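Coordinate analysis (summary)
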Amino acid sequence: MKTTITNEQGKTTVTVEGRIDTLTSPEFLKETEPLTTSENPDITIDCKNLQYISSAGLRALLILQKNVKVNNGTLILTNVIPAIKEIFKMTGFEKIFTIK
């Protein structure tokens, strides 16, 4: 997994490549959790190159979502490929996250 973090005009974009799974989810959280500590964090996760997400990856996104909401921010997932969208649909996560 590779993450690239950019910040423009107070909006943060995290581009994820590869897999978020049991091995990589701790690294994903380590890199993204600091982004949630500011007031009103606006974070977009660009998933166009996300190939796979496991239950550990879903849990990492839930933790990120919770931390963003605590600070009155927004978390948006964009460019989610059909296979990943199906996982969100099957698990009910499509109702928890804003997916564009």
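By the naming in an unreviewed UniProt entry, the protein is Anti-sigma factor antagonist, taken from Candidatus Caccoplasma merdipullorum. UniProt annotates the protein under Sequence similarities (unreviewed entry) with the comment "Belongs to the anti-sigma-factor antagonist family."

Moving on, we get to the pattern of salt bridges. Once their charged atoms are close, side chains differing in charge can pair, the charge on each being opposite to the other. Counted according to the given criterion, the structure contains one salt bridge. Note that Arg19 is salt-bridged to Asp21, the shortest N-O span being 3.1 Å. A relative accessible area of 39% places Arg19 in the partly exposed class. For Asp21, a relative accessible area of 12% translates into the label buried.

Sites flagged by UniProt as "domain: STAS" (unreviewed entry) map to residues 1-100. For residues 1-100, the helix share is 34%, the strand share is 36%, and the end-to-end C-alpha distance is 22 Å.

If you look at the biggest cluster of nonpolar residues, it comprises 24 residues, and the most contacted ones within it are Phe28, Ile45, Leu77 and Phe88. For this core, the secondary-structure elements that each account for two or more residues are strand E2 (11-20), helix H1 (25-32), strand E3 (42-53), helix H2 (55-70), strand E4 (74-78) and helix H3 (82-91). If we ignore the near neighbours within four places in the chain, the residues touching Phe28 are Met1, Thr3, Val14, Val16, Ile20, Ile45, Ala60, Leu61 and Leu64.

This part is about H3. Three or more residues of H3 are buried, namely Ile84, Ile87 and Phe88. For H3, the angular spread of buried residues about the axis comes to 95 degrees, placing them on one side. In this structure, H3 carries Pro82, Lys89 and Met90 as exposed residues pointing more than 90 degrees from its buried face. Those residues of H3 that are buried are in contact with E3, H2, E4 and strand E5 (98-99). Looking one or two places after H3, you find Gly92, whose phi comes out positive at around 85 degrees.

Attention now goes to the pairing of E3. In the sheet, E2 pairs with E3 via nine bridges, with the strands oriented parallel. Following the sheet pairing, Arg19 is matched in E3 by Tyr52. Tracing the backbone out of E2, into H1 and back to the parallel element E3 gives a crossover that is right-handed. Summarising the sheet, E3 and E4 pair through five bridges and their orientation is parallel. Residue pairing across strands places Asp46 opposite Thr78, the latter belonging to E4.

With that settled, the discussion passes to the packing of H1 against H2. Where H1 contacts H2, the two axes come as close as 9 Å, and the packing angle between them is 15 degrees. It follows from the interaxial angle that H1 and H2 lie roughly parallel. Where H1 crosses over H2, the two elements pack in a sense that is right-handed. Where H1 abuts H2, its residues Ser25, Phe28, Leu29 and Thr32 lie against Ala56, Gly57, Ala60, Leu61, Ile63 and Leu64. Among the residues making up the contact of H1 with H2, the classes are represented as seven nonpolar, three polar and no charged.

About the thresholds
- Residues numbered from 1 in each chain as written.
- Predicted model: local features only at pLDDT ≥ 70, side-chain atom pairs only at ≥ 80, totals over all residues.
- Heavy atoms only, no water.
- UniProt positions renumbered as here; feature names shortened; annotations may be inferred.
- Salt bridge = Lys/Arg side-chain N within 4 Å of Asp/Glu carboxyl O.
- Buried < 20%, exposed > 50% of the residue type's maximum accessible area, 1.4 Å probe, protein only.
- Helix = DSSP H or I, 4+ residues; strand = E, 2+ residues; numbered from the N terminus.
- Core = buried A, V, L, I, M, F, W, Y, C linked by side-chain atoms within 4.5 Å.
- Contact = heavy atoms within 4.5 Å.
- Arc of directions from axis to C-beta.
- Pairing = 2+ DSSP bridges.
- Right-handed = clockwise from strand over helix to strand, strands pointing away.
- Axes fitted to C-alpha atoms, helices over the stretch in contact; angles between N-to-C directions.
- Parallel < 35°, antiparallel > 145°, perpendicular 65-115°, else oblique.
- Left-handed = near helix turned anticlockwise from the far one by under 90°.
- Nonpolar A, V, L, I, M, F, W, Y, C, P; charged D, E, K, R; others polar.

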